[in-house]
Amino acid sequence: MTNIILLGPPGAGKGTQARRISERHGLVQLSTGDMLRAAVAAGTEVGLRAKEVMERGELVSDEIVIGIISERIDAPDCEKGFILDGFPRTLAQADALDRLLAAKSKWLDGVIEIRVDDEALVARIAGRFTCAKCGEGYNDTFKRPKVDGVCDKCGGTEFSRRADDNEETLRARLLAYYKETAPLIGYYYAKGLLHSVDGMADIDAVSAEVERVLGTLAGVSG
Ligand code: ADP
Ligand code: AMP
């Protein structure tokens, strides 16, 4: 069992790399952003509470996301290990994660920080779109489908763009990242769990670097 966190600003490539790790190693991708968007789409109580906060690019309350993760980690598919993508995002969430993993006799094997220059994030976020059927991620500039309008993975022909993927909201999301989330880099460094990769390289090169780091962690099989 291997449990890891992917850390980095919005648009760094966490979701892209999490999907690849998941396909290669069978670990489950746990994206609090995806879970919250699903709750918003389903109109659940959590969704109703999160919707406007997400549209503004601010962070949803710790209480909500900790509750979501705590429940999700108990599911049987997490037994083989999980990749946390977009969680934790505050020190309070990181502390809560520590406590809840300890209570479930689970642990973290490593934290992979994906480092990207701030100027690169605007193009990544503004150009992001995903297959509406399978969720595969694309980018207008950096990763277009091989055949225009057709998903490489599932052949789907419908794509969606996130409401919060615009330059204005990105500014609020970056601010939240630097105020609330960036301190986690030092937090995990001090715990001896931090590994940093160069997220400015192309997607395959970042994957290769991530694989190299995973190879140094106990429990990950090829
Ligand atoms: P995050 O989950 O960290 O917000 P994503 O994985 O969704 O980021 O990536 C944001 C956008 O940037 C997507 O459109 C993705 O295709 C693109 N992208 C991801 N990694 C890279 C990379 N190394 N180089 C260029 N574009 C990338
Ligand atoms: P993401 O898909 O990771 O870019 O997240 C999209 C939005 O969901 C963020 O801008 C936040 O509003 C919210 N969100 C996702 N994960 C968290 C979290 N761990 N803590 C607080 N808010 C979150």
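Use the structure listed above.
Description of the structure in this document. Remember, predicted model here, so these are calculated numbers, not experimental data.

Rules and cut-offs
- In every chain, residue numbers begin from 1 and rise along the written sequence.
- Each chain gets a letter, beginning with A, and each ligand a number, beginning with 1, in the order they are written.
- Residue-level local features of this predicted model are given only where pLDDT is at least 70; pairs of side-chain atoms are given and counted only at 80 or more, and the full residue set underlies all totals for whole chains, interfaces and linings.
- Only hydrogens and water are set aside; all other atoms, that is, all heavy atoms of the structure, feed into the side-chain values.
- Definition of nearness: a residue and a molecule or strand are near each other if at least one heavy atom of the residue lies within 4 Å of the molecule or strand.
- Pairs of N or O atoms are called polar contacts if they sit within 3.5 Å, as long as, within protein, a hydrogen donor faces a hydrogen acceptor (for residues adjacent in sequence, only side-chain-to-side-chain pairs).
- Every accessible area reported is derived by Shrake-Rupley at a probe size of 1.4 Å, with residue values counting cover from the shown protein chains alone.
- Elements are defined by DSSP. Helices are runs of H or I of four residues or more, strands are runs of E of two residues or more, and each kind is numbered from the N terminus.
- All amino acids are sorted into three groups, where Ala, Val, Leu, Ile, Met, Phe, Trp, Tyr, Cys and Pro are nonpolar, Asp, Glu, Lys and Arg are charged, and the leftover types, Gly among them, are polar.
- To define a nonpolar core, start from buried Ala, Val, Leu, Ile, Met, Phe, Trp, Tyr and Cys residues and group those joined through side-chain atoms within 4.5 Å.
- Only protein chains enter the area calculation, which uses a 1.4 Å probe; residues under 20% of their type maximum are buried, those over 50% are exposed, and those in between are partly exposed.
- Note on definitions: angles span 0 to 180 degrees between N-to-C directions of axes, and those axes are lines fitted to C-alpha atoms, for helices only across the stretch in contact.
- Between 65 and 115 degrees an angle is taken as roughly perpendicular, under 35 as roughly parallel, over 145 as roughly antiparallel, and anywhere else as oblique.
- By definition, residues are in contact when any of their heavy atoms lie within 4.5 Å.

**Here's the deal with the site of ligand 1**
Piece 1. Taken together, the neighbourhood of ligand 1 is formed by 18 residues, with G11, G15, T16, R128 and Y138 sitting nearest.
Piece 2. With respect to ligand 1, the backbone of A12 contributes an N or O atom lying 3.2 Å from an oxygen atom.
Piece 3. A201 has a polar backbone atom sitting 2.8 Å from a nitrogen atom of ligand 1.
Piece 4. About the coverage of ligand 1: the protein hides 92% of its 560 Å² of free accessible area.
Piece 5. Those elements that provide at least two residues to the shell around ligand 1 are α1 (14-25), β6 (137-139) and α9 (203-216).
Piece 6. A total of three residues in the shell around ligand 1 trace back to one element, the largest contributor, which is α1.
Piece 7. Looking at the shell around ligand 1 residue by residue, the classes come out as eight nonpolar, six polar and four charged.

**A closer look at the nonpolar core**
Piece 1. Ranked by internal contacts, the top residues of the largest apolar core, which has 32 residues, are L30, L36, V60, I73, L84, L97 and Y188.
Piece 2. Contributing elements (two or more residues each) for this core: β1 (2-7), β2 (28-31), α2 (32-42), α3 (45-56), α4 (62-73), β3 (81-85), α5 (91-103) and α8 (183-190).
Piece 3. Per-element accounting of this core gives the leading share, six residues, to α4.
Piece 4. Residues A12, L27, V116 and L217 belong to the second largest nonpolar core, which totals 21 residues.

**A look at the packing of α2 against α4**
Piece 1. Where α2 meets α4, the axes come as close as 11 Å, and the angle between the chain directions of the two elements is 100 degrees. Classified by the angle their axes make, α2 and α4 are roughly perpendicular. Every residue of α4 that contacts α2 at T32, M35 and L36 is listed here: I64, V65, I68, I69 and R72.
Piece 2. Its residues placed into classes, the contact of α2 with α4 shows six nonpolar, one polar and one charged.

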